[in-house]
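Given next are the chains, with one letter for each unit.
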Amino acid sequence: MSTPRFLTLPPGVTAQQIETPVGSFAALEALPGSGVTERWPAVLVPGFTGSKEDFLAVLQTLAQAGRKVVAVDLRGQFETPGPDDPKAYSCEALGADVAAIASAVGQGEPVHLLGHSFGGLVARETVLAGQAKLASFTLMSSGPAGIIGPRERAGRVMLAELPEYGIDYMWANRLEPEALRAGVPDDIVAFLRKRLLANHPTGLVSMAEEVLNARDRVPELVGCGLDLMVLYGEHDDGWPPLLQAEMAHRLEAECVVVPGSVHSPAVEAPETTAAALTRFWNAAESRMLQHG
């Protein structure tokens, strides 16, 4: 569970609704202090049990480079409502939502797309479907297929307990004790509870199944024609760092290891993460413009 360090919106960051042909999505939008956007926009997609707030610490810095940056709640996550249909939460269906969001944000311009953890698996579907005009794709703390290791074990426990006991049980017996052990401040614990309980129960179960059972689609991504970056914390406890490095090699993607970070570089090392993204995005734009 990605845990923001603060919840106050930085200057230039506002809560928005992104209106698309497939529905309305809750978002945080960051604009440059000058209000002038000289560069192509970016869309940031959160992970399983996450939300747009996972990117709070990088939004202002990313926007200062001269672009609009939008972090969203996926369908069924936190402040974006979702249906009862489990199929609405497949990576493919959520990827189609992200394509609609990118088109709404881009308004005809190419968009830099980033997916964190499960969000990387979702955004990968957006790229492979080719329905959005994209400038680059970043996989942040994500992997080639279903998650493995300790987070896989936690996911399987959750998948077994959720249908039987419900979200409240999971919060009280697993996630709240973890947050308290980690010394998370009271206001952030209250936010984590509110966020988790706002998730659509069907969405949580379906997304858990997707993040555990996703198949390896790296070979299909190789020829997508976009600038690619794989960025992860050196101590990632999701997909192992070596597996992510191998994925970057397979993709011929830029590989950035964030020192001191675990599974949420945007929270744990925001300045390093924002600097790497801005450099990568600017370079991708230059290349696309050169090649017309």
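Refer to the structure above for everything that follows.
So, a few notes on the structure that sits alongside this text. (Residues numbered from 1 in each chain as written. Predicted model: local features only at pLDDT ≥ 70, side-chain atom pairs only at ≥ 80, totals over all residues. Heavy atoms only, no water.)

### Some words on the overall build of the protein
Convention followed: In this text, helices come from DSSP runs of H or I with a minimum length of four residues, and strands from runs of E with a minimum of two, each type numbered from the N-terminal end. Every radius of gyration here is taken over C-alpha atoms, with the globule rule written as 2.2 Å times N^0.38, N being the number of residues. Buried residues are those whose accessible area, probed at 1.4 Å on protein chains only, stays under 20% of the maximum for their type, while exposed residues exceed 50% and partly exposed ones sit between those limits. Pairs of residues are marked as contacts when any of their non-hydrogen atoms sit within 4.5 Å. For the accessible areas, the method is Shrake-Rupley and the probe is 1.4 Å, while residue cover comes only from the protein chains on display.
Secondary structure assignment for the protein yields eleven helices and eight strands. The globule rule puts the C-alpha radius of gyration for 292 residues at 19 Å, and the 18 Å found for the protein is close to it. Looking at the protein as a whole, 55% of its 292 residues are labelled buried. Partitioning the intrachain contacts of the protein with sequence separation of at least 6 by distance along the chain shows that 77% fall at a separation of at least 24. As displayed, the protein has an accessible area near 11,900 Å², and 52% of this comes from carbon and sulfur atoms.

### Considering the packing of aromatic side chains
Applicable threshold: Geometry of aromatic contacts follows a simple scheme: Phe, Tyr and Trp rings, the Trp one being its six-membered ring, pair when their centres are within 6.5 Å, and the pair is stacked under 30 degrees between planes, edge-to-face over 60, tilted otherwise.
Counted according to the given criterion, the structure contains two aromatic pairs. With a centroid separation of 4.5 Å and an interplanar angle of 25°, the aromatic rings of tyrosine 165 and tyrosine 169 are classed as stacked.

### Let's talk about the nonpolar core
Heads up, the condition is: By nonpolar core is meant a set of buried Ala, Val, Leu, Ile, Met, Phe, Trp, Tyr and Cys residues that side-chain atoms within 4.5 Å join together.
Grouped together as the largest cluster of nonpolar side chains are 63 residues, with contacts concentrated most on Leu113, Phe118, Leu134, Phe137, Val230 and Leu251. Top contributing element to this core by residue count: helix α2 (residues 91–106), with seven residues. Core analysis: the next-biggest nonpolar cluster, separate from the first, contains 26 residues, Val13, Leu28, Ala30 and Val256 among them.

### Some points on the sheet that holds strand β7 (residues 227–233)
Adjacent strands of a sheet form backbone hydrogen bonds with each other and so pair up, either parallel or antiparallel. Note the cut-off: Here a strand pair is declared whenever DSSP counts at least two bridges between the two strands. Axes here refer to lines fitted to C-alpha atoms; in helices the fit is confined to the stretch in contact. Angles between the N-to-C directions go from 0 to 180 degrees.
Strand order in the open sheet formed by eight strands is β1-β2-β4-β3-β5-β6-β7-β8, and the pairing between neighbours is mixed. Edge strands, defined here as strands with exactly one partner in the open sheet, are β1 (13–20) and β8 (254–258). Sheet twist, expressed as the average angle between the axes of neighbouring strands with direction ignored, equals 25°. The sheet contact formed by β1 and strand β2 (residues 23–30) spans eight bridges and is antiparallel. Bridged to threonine 14 within β2 is glutamate 29. Across the sheet, helix α9 (residues 241–251) lies against β6 (134–140), β7 and β8, angled at about 170° from β7, the strand it touches most. Packed on one face of the sheet, helix α11 (residues 270–290) meets β3 (42–45), β5 (111–116), β6, β7 and β8 and runs near 150° to β6.

### A short note on the side chain of histidine 112
Inclusion rule: Distance and chemistry together define a polar contact, namely a pair of N or O atoms within 3.5 Å, with one atom able to donate a hydrogen and the other to accept it when in protein, and with adjacent residues in sequence counting only for side-chain atoms on both sides.
Here histidine 112 shows up in strand β5. A polar side-chain atom of histidine 112 sits 2.8 Å from a polar atom in the side chain of serine 136. The contact partners of histidine 112, leaving out residues within four places of it in the chain, are Trp40, Pro41, Ala42, Val43, Arg67, Ala135, Ser136, Trp281, Ala284 and Glu285.

### So, the packing of helix α4 (residues 150–165) against helix α5 (residues 167–181)
To keep it simple, the criterion reads: An angle below 35 degrees is read as roughly parallel, one above 145 as roughly antiparallel, one from 65 to 115 as roughly perpendicular, and any other as oblique. Lys, Arg, Asp and Glu make up the charged group, whereas Ala, Val, Leu, Ile, Met, Phe, Trp, Tyr, Cys and Pro make up the nonpolar group; the residues left over, Gly among them, are polar.
Viewed as axis vectors pointing N to C, α4 and α5 meet at an angle of 130°, and their least axial separation amounts to 7 Å. Compared by their axis directions, α4 and α5 come out oblique. Packed against α4, whose contacting residues are Val157, Met158, Glu161, Leu162 and Tyr165, the element α5 presents Ile167, Tyr169, Met170 and Arg174 at the interface. The residue makeup of the contact of α4 with α5, split by class, is seven nonpolar, no polar and two charged.

### Quick word on the pairing of β7
Basically, it comes down to this: For the handedness criterion, the strands are oriented away from the viewer, and a crossover whose path from the first strand over the helix to the second runs clockwise is classed as right-handed.
Of all seven residues in β7, seven are buried; the element is thus mostly enclosed. Here β7 shows a buried face lined by Asp227, Met229, Leu231 and Gly233 and a second buried face lined by Leu228, Val230 and Tyr232. As paired elements, β6 and β7 share five bridges and run parallel to each other. Following the sheet pairing, phenylalanine 137 is matched in β7 by leucine 228. As paired elements, β7 and β8 share five bridges and run parallel to each other. Its bridge partner being in β8, tyrosine 232 is matched across the sheet by valine 257. As for the winding sense of the linkage, the β-α-β connection from β7 through α9 to β8 is right-handed.

### Some points on the pattern of salt bridges
We count it as follows: A pair is scored as a salt bridge if a Lys or Arg side-chain nitrogen falls within 4 Å of a carboxyl oxygen belonging to Asp or Glu.
Within this structure, the stated rule accounts for 16 salt bridges. Residues arginine 195 and aspartate 54 are paired through a salt bridge, measuring 2.8 Å at the closest nitrogen-oxygen approach. Residue arginine 195 is found in helix α6 (residues 186–198), and its partner aspartate 54 is found in the loop between β3 and α1 (56–63); the two are separated by 141 residues along the sequence. As far as burial versus exposure is concerned, arginine 195 and aspartate 54 are alike and both buried.

### Some points on unusual backbone geometry
At phenylalanine 78, a position not held by glycine, the phi torsion is positive, near 40°. Residue placement: phenylalanine 78 occurs in the loop between β4 (69–72) and α2. Of note, glutamine 107 is a non-glycine position whose phi angle comes to about 50°, a positive value. By the secondary structure assignment, glutamine 107 is in the loop between α2 and β5.

### Considering α1
For clarity, the threshold we go by: By arc we mean the arc of the directions from the helix axis to the C-beta atoms, nothing more.
Inspection of α1 places Leu56, Val58, Leu59, Leu62 and Ala63 among the buried residues, and these make up the whole buried set. The buried residues of α1 occupy one face: seen down the axis, they fall within an arc of 155°. On its buried face, α1 sits against β1, β2, β3, β4, α10 (265–268) and α11.

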